[in-house]
Amino acid sequence: MDWAGDQLRQIEATRRQRLDESAPKMDDSKASTLLENFHPDFKGLERLVQVGPQAGKLKCLSEIAELLEADSPLPAVFEPSPTLETDVLVVGGGGAGLAAALTLQNSGLQVTVATKLRIGDANTLMAEGGIQAAVGSNDSPRRHYADTVVGGHGKNVPELVRLLVEEARPAIDWLTQLGVHFGRTEKGYELKPGGGTSTPRVLSCQDVTGLEIMRVLRDAVFHGPAQLLEGHSAVELCDDGEGRVTGAVLWNSEAKELVTVSARAVLLATGGSGQLRLQGFATSNHLGATGDGLVLAWRQGCSLVHLDSFQYHPTGSVFPEAIAGQLVTESARSMGAQLLNAEGKRFIDELSYRDRVAAAIIREVSEGRGVTTPAGRQGVWLDTPLIDKRQGEGTLARQFPGMIHRFKKYGIDPSTQPLLVYPTLHYQNGGVAIDQEARTEREGLWAAGEVTGGLHGTNRLMGNSLLDIIVFGRRAGESIISNIKDRGPVTLSALSRFRKERETVSGLSQQKAPQLYPTVSGMKFELKQAPLEKPGDDSFSQQGSAGGSSFEPPDPFSAR
Amino acid sequence: MKNNPETKTVQITVAGKPMEAREGQTIVHALWQAGMASEVMTGCLGGVCGACTVSVRYPDGRKGGTELACLHQVEEGMQVFPFPVDPIPTKPPVKEPDAAKLREAYPTLDRCTKCESCTYACPMDIPVMDSVLRMQKGEVEQVAQDFTTCIHCGLCRAVCEDKVEPHQMGMWVRRSLGQSLPNMTPQEEPEGEAEREWGYLMEGTLEQRLERARQFRTQESLNSLEDSKE
Ligand SMILES: Cc1cc2nc3c(=O)[nH]c(=O)nc-3n(C[C@H](O)[C@H](O)[C@H](O)COP(=O)(O)OP(=O)(O)OC[C@H]3O[C@@H](n4cnc5c(N)ncnc54)[C@H](O)[C@@H]3O)c2cc1C
Ligand code: SF4
Ligand code: SF4
Ligand code: FES
């Protein structure tokens, strides 16, 4: 980071003095002005969606609106005829999906998990900071509730929040029994504060909490009876023609074929939408986070809530360019790292709510107090060396092995050098409306995890999402066991209705949805041409699929 | 940023196919830009899922090796070869793991010839071979620690000529130990007080509830909140 030499020296020079400085305070009315002026949710780039269950009522970013209005990628002539029958189809092999699959394990129901990439290639795996649960001595589920509701601007659905916080302890116990290691002291679980927690409440496995949880859930599912369909993305849900969801059409990305599944219950656990890279923001999310679940549920007539609100995590990396957008966990701030503008000054309480911190960073940059990288990105400093100064030498290396490893590749040592950060598109606060049993408004369709909305209001607290996926994933599994119905006919009648409705509206974009992959990736939903249609043309199957090349990899150690 | 004139372009090959990339880009982003995304399997884009394993060779004879394509930057002349590793099933974890139980689950443990290929292959800098030796001695706590950041990319297994499965054993040790730890969540407190607090927090209009939540979070309980107001 030679290009920033002067600033780095200044930050170093003031570090001692800043160590004991109290954070800049801000009252609530100032905070509202800050949000309205600088948070991306308030940019006024929203419009009403014109097609679908809440047409003319649902207001959201125009990028999301286009997605919801888009036509299905399914050919108009496509007739669903199930080639696969199962009792429960879980769509999405992240944390919520697998928590449900494990809960269904001994129910006697046949469970099929279909997921876009490989099982576990999901946002869950990427979570770093931790999971909230009121297990501390001066804590209670009510206090957790109060923090969550204040964080969500009071818009959270109270009953969902109550369930979340009351089921937190059983969720932690369940994970521990499965073999998840949460950090411990002699007295109990080690607890960290998080932005907006009034008392330390975040359990973690160093800075790889999501990796640990996902690894364990995946391994447990591998040992169970569930059928796993990797590389199978849902492109449409099927229904019985009378409003009940009865299956799905999946796209097998390897064979480039469509597969229709008949199921007695379907669980949507497709996660979020960071890869839509709304408003040009970089993202912390995995490849598959393209908001597919919203589209699938929408076309079945489900309401979406709080979709006007996304979480821009305050500290996405800005430098080096190669990892722009990737997360620097909030724990860095909870352990003492400060945010500094180009003048080396603090400008916000680092442990305030995420939306406030993000808005404050955007303010600094847009008012000219940001730092510009050689690649032209802008950001502010996150003074990570303070962590060791405050908590003792070696703390950063011990608590943040993931962060150390990631930056070391580029010659940056966060324990001696500050990092450059800017908000990154991180979490879909809103989503498909559910009740306390994780049921959507459509019979036969459940939803759990980041794809749902209501629980977090319009701002989610750190650590509440990992808790969400375990609590509601398990809840969905239990609810399916007690409410599952007999098999029904598998039709595309909801899609036909949607397509008819589209014809009544003019000026809709040509986009297809769900889009499955980030548009910047150039990966596409492309059906293999049926061999009979065009003999001799196998250009589709020739496109190299992952690992399908004919080149032998060299011995990676020959040079040693 | 795409048009930044200062960004240099470099030539690389992926699976033998030549392509142009921008200096500083990761292999994955370079593939995206070239419309060749499906050459290398991709999952998290953040170095934690292990989908994007490749091996890399440099024309100038520098030591190449296995890398994660989503984290590794392109360089002039670099040759990239997709190196996907299929996962294999693990053995079920057991309570109170030790060396004997590990050997029973993974009899290949003692086949290790200390060639160190696994350690070189690991993109997470895990001291894989050392940890295998610790497994042989039954130092399970330390082994669990060693594998904390293991992304299960499988490279250590793929390069092991002696069919040792370090990461699988690491997972087995971690899960087995984890399951042997006691639950430490506290029991719920007396019913009555909790219900009173729930009533206080959940009733009323949105504004009322929000204001109550604001006050409540500064206190441990409704009792102390009421005391503080007196
Ligand atoms: C970098 C990062 C750090 C985070 N840190 C924390 C943290 O510290 N604490 C916390 O509580 N939360 C954190 N979060 C948020 C949290 O990890 C996620 O919100 C949560 O794990 C989502 O779980 P999920 O099961 O709903 O979705 P995911 O885990 O994303 O799983 C969804 C799965 O569905 C698949 N899928 C998508 N579309 C389709 C389709 N059409 N058909 C089939 N499959 C599909 C996806 O590929 C994926 O495998 C973090 C998130 C990120 C990205
Ligand atoms: S590669 Fe196999 S044989 Fe070589 S050190 Fe590792 S475990 Fe032992
Ligand atoms: S230990 Fe093996 S599986 Fe784990 S990260 Fe290292 S090489 Fe990959
Ligand atoms: S894509 Fe997950 S490690 Fe590279």
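Residues numbered from 1 in each chain as written. Chains lettered and ligands numbered in written order. Predicted model: local features only at pLDDT ≥ 70, side-chain atom pairs only at ≥ 80, totals over all residues. Heavy atoms only, no water.

A look at the site of ligand 3
Part 1 of the reasoning: Within the structure, ligand 3 sits among 14 residues, and B:Cys122, B:Cys150, B:Cys153, B:Gly154 and B:Cys156 are positioned closest to it.
Part 2 of the reasoning: Considered class by class, the residues forming the shell around ligand 3 number 11 nonpolar, three polar and no charged. (Near = heavy atom within 4 Å. Nonpolar A, V, L, I, M, F, W, Y, C, P; charged D, E, K, R; others polar.)

Concerning the site of ligand 2
Part 1 of the reasoning: Around ligand 2, the neighbouring residues are B:Cys112, B:Thr113, B:Lys114, B:Cys115, B:Glu116, B:Ser117, B:Cys118, B:Met129, B:Cys160, B:Asp162 and B:Val164.
Part 2 of the reasoning: Residues belonging to the shell around ligand 2 are distributed by class as follows: six nonpolar, two polar and three charged.

With respect to the UniProt feature "active site" (unreviewed entry) in chain A
Residue and element names in this part refer to chain A.
Part 1 of the reasoning: Here the UniProt feature "active site" (unreviewed entry) sits at Arg354.
Part 2 of the reasoning: What makes arginine 354 buried here is its relative accessible area of 7%.
Part 3 of the reasoning: Contact partners of arginine 354, with chain neighbours within four places excluded, come to Gln311, Tyr312, His313, Pro314, Glu330, His426, Asn459, Arg460 and Met462.
Part 4 of the reasoning: Looking at arginine 354, its side chain comes within polar contact range of the side chain of glutamine 311, at 2.9 Å. (UniProt positions renumbered as here; feature names shortened; annotations may be inferred. Buried < 20%, exposed > 50% of the residue type's maximum accessible area, 1.4 Å probe, protein only. Contact = heavy atoms within 4.5 Å. Polar contact = N/O pair within 3.5 Å; in protein donor to acceptor, adjacent residues only side chain to side chain.)

A short note on the interface of chain A and chain B
Part 1 of the reasoning: Facing 91 residues of chain A, the contacting portion of chain B comprises 87 residues.
Part 2 of the reasoning: Note on chain A versus chain B: buried area summed over both sides is about 7500 Å², and carbon and sulfur give 58% of it.
Part 3 of the reasoning: In this assembly, chain A and chain B are joined by eight salt bridges.
Part 4 of the reasoning: Among the ionic pairs, A:Asp147 bridges to B:Arg217, the shortest N-O distance being 2.6 Å.
Part 5 of the reasoning: Run the count over chain A and chain B and you get 32 residue pairs in polar contact (both at pLDDT 80 or more). (Buried area = accessible area lost by both parts, 1.4 Å probe. Salt bridge = Lys/Arg side-chain N within 4 Å of Asp/Glu carboxyl O.)

Considerations on the domain arrangement of chain B
All names here are of chain B.
Part 1 of the reasoning: Each domain of chain B was delimited in the assignment, giving domain 1 (9-82) and domain 2 (99-180).
Part 2 of the reasoning: Using only C-alpha atoms to locate each centre, domain 1 and domain 2 end up separated by 27 Å.
Part 3 of the reasoning: The interface of domain 1 with domain 2 comprises eight residues on the first partner and seven residues on the second.
Part 4 of the reasoning: In total, domain 1 and domain 2 occlude about 610 Å² of area from one another, counting both sides; carbon and sulfur atoms represent 68% of this.
Part 5 of the reasoning: Remark: the boundary between domain 1 and domain 2 carries zero salt bridges.
Part 6 of the reasoning: One can count one residue pair in polar contact (both at pLDDT 80 or more) joining domain 1 with domain 2. (Domains from an automatic or database assignment.)

A short note on the pairing of strand E3 (residues 84-91) of chain A
Residues and elements named next belong to chain A.
Part 1 of the reasoning: Among the eight residues in E3, seven count as buried, and that is most of the element.
Part 2 of the reasoning: As defined by bridge partners, E3 adjoins strand E10 (residues 257-268) across seven bridges and the pair is classed as parallel. In the sheet register, leucine 84 faces E10, and the bridge partner there is valine 261.
Part 3 of the reasoning: Pairing analysis gives four bridges linking E3 to strand E4 (residues 111-114), with the strands arranged parallel. From the neighbouring strand, valine 88 faces E4, where its bridge partner is valine 111.
Part 4 of the reasoning: As a crossover connection, the stretch from E3 through helix H4 (residues 95-103) into E4 is right-handed. (Helix = DSSP H or I, 4+ residues; strand = E, 2+ residues; numbered from the N terminus. Pairing = 2+ DSSP bridges. Right-handed = clockwise from strand over helix to strand, strands pointing away.)

Observations concerning the domain arrangement of chain A
Residues and elements named next belong to chain A.
Part 1 of the reasoning: Domains assigned within chain A are domain 1 (2-38 + 315-424) and domain 2 (48-309 + 429-495).
Part 2 of the reasoning: Tallying the contact residues gives 28 residues for domain 1 and 22 residues for domain 2.
Part 3 of the reasoning: Across the domain 1 to domain 2 interface the summed buried area is about 1900 Å²; carbon plus sulfur atoms make up 51%.
Part 4 of the reasoning: In terms of surface lost to domain 2, no three residues of domain 1 exceed Tyr353, Arg354 and Gln399, which account for 30% of the buried area on that side.
Part 5 of the reasoning: The salt bridge involving arginine 406 is made with glutamate 128; its shortest N-O contact spans 3.4 Å.
Part 6 of the reasoning: Across the contact surface, domain 1 and domain 2 share 14 residue pairs in polar contact (both at pLDDT 80 or more).
Part 7 of the reasoning: The set of elements that each furnish at least two residues to the side of domain 1 that touches domain 2 consists of helix H11 (331-334), helix H12 (354-366), helix H14 (395-399), helix H15 (401-408) and strand E16 (419-428).
Part 8 of the reasoning: When residues of the side of domain 1 that touches domain 2 are assigned to their parent elements, the largest contribution, four residues, is made by H15.
Part 9 of the reasoning: Taken together, the residues of the side of domain 1 that touches domain 2 sort by class into 13 nonpolar, nine polar and six charged.

Overview of the packing of aromatic side chains
Part 1 of the reasoning: The final tally for this structure, using the stated rule, is six aromatic pairs over all chains.
Part 2 of the reasoning: Ring centres 5.1 Å apart and planes at 65° place the aromatic pair A:Trp3 and A:Phe319 in the edge-to-face group. Pair noted here: A:Trp3 is in the segment before helix H1 (5-19) and A:Phe319 is in the loop between strand E12 (310-317) and H11, with a separation of 316 residues, a long-range link.
Part 3 of the reasoning: Members of the aromatic cluster, connected to one another through ring pairs, are A:Phe281, A:Tyr312 and A:Tyr422.
Part 4 of the reasoning: The lysine or arginine in question, B:Arg62, covers the ring of B:Tyr58, its NZ or CZ lying 4.2 Å from the ring centre.
Part 5 of the reasoning: In this arrangement the basic side chain of B:Lys91 is found over the ring face of B:Tyr106, its NZ or CZ atom lying 4.8 Å from the centre. (Phe/Tyr/Trp six-rings, centres within 6.5 Å; stacked < 30°, edge-to-face > 60°. Lys NZ or Arg CZ within 6 Å of the ring centre and 35° of its normal.)

Description of unusual backbone geometry
Leaving glycine aside, a negative phi is the common case for residues, and trans is the common case for peptide bonds.
Part 1 of the reasoning: The peptide bond linking A:Phe319 to A:Pro320 adopts the cis configuration, its omega dihedral lying at -5°.
Part 2 of the reasoning: Here A:Pro320 lies in the loop between E12 and H11.
Part 3 of the reasoning: With an omega of 0°, the peptide bond running from A:Ala513 to A:Pro514 counts as cis.
Part 4 of the reasoning: When you line up the elements, A:Pro514 lands in the loop between helix H17 (493-503) and helix H18 (539-542).
Part 5 of the reasoning: One non-glycine residue with positive phi stands out, namely A:Lys256, at about 55°.
Part 6 of the reasoning: Positive phi is not limited to glycine here, since B:Leu45 has a value of about 65°.
Part 7 of the reasoning: Mapped onto the elements, B:Leu45 comes out in the loop between helix H1 (27-33) and strand E3 (53-57).
Part 8 of the reasoning: Of the residues examined, B:Leu45 reaches a relative accessible area of 11% and is grouped as buried.

Quick notes on the sheet that holds strand E19 (residues 452-453) of chain A
Residue and element names in this part refer to chain A.
Part 1 of the reasoning: With mixed pairing, the three strands of this open sheet are ordered in space as E11-E17-E19. Among the strands making up the open sheet, the edge pair consists of strand E11 (304-305) and E19.
Part 2 of the reasoning: Direction of pairing for E11 relative to strand E17 (residues 431-433): antiparallel, over a ladder of two bridges. Looking at the pairing, valine 305 lines up with glycine 431 of E17.
Part 3 of the reasoning: Seen against the sheet, helix H10 (residues 292-299) touches E11 and E17 and runs at an angle of roughly 35° to E17. (Axes fitted to C-alpha atoms, helices over the stretch in contact; angles between N-to-C directions.)

What to know about the sheet that holds strand E4 (residues 65-68) of chain B
Residues and elements named next belong to chain B.
Part 1 of the reasoning: The strand order across the open sheet built from five strands is E2-E1-E5-E3-E4, with neighbouring strands paired in mixed fashion. Two strands lie at the open edges of the sheet, namely strand E2 (17-22) and E4, each paired on one side alone. Direction aside, the axes of adjacent strands within the sheet are offset by 35° on average.
Part 2 of the reasoning: Sheet topology places E3 next to E4; four bridges connect them, and they run antiparallel. Its bridge partner being in E4, serine 55 is matched across the sheet by threonine 66.

Here we look at the UniProt feature "domain: FAD-dependent oxidoreductase 2 FAD-binding" (unreviewed entry) in chain A
Part 1 of the reasoning: The feature "domain: FAD-dependent oxidoreductase 2 FAD-binding" (unreviewed entry), as annotated in UniProt, sits at residues 87-466 of chain A in this numbering.
Part 2 of the reasoning: Regarding residues 87-466 of chain A, the helix share stands at 28% and the strand share at 22%, and the terminal C-alpha atoms are separated by 27 Å.

Here we look at the pairing of strand E8 (residues 232-239) of chain A
Residues and elements named next belong to chain A.
Part 1 of the reasoning: Across the eight residues of E8, eight count as buried, placing the element largely inside the fold.
Part 2 of the reasoning: Where E8 and strand E9 (residues 245-252) come together, seven bridges link them in antiparallel fashion. Each bridged residue has a counterpart across the sheet, and for glutamate 236 the counterpart in E9 is valine 249.
Part 3 of the reasoning: Turn length for the E8-E9 hairpin, with the two strands adjacent in sequence and antiparallel, is five residues, and the turn residue glycine 241 shows positive phi of about 90°.

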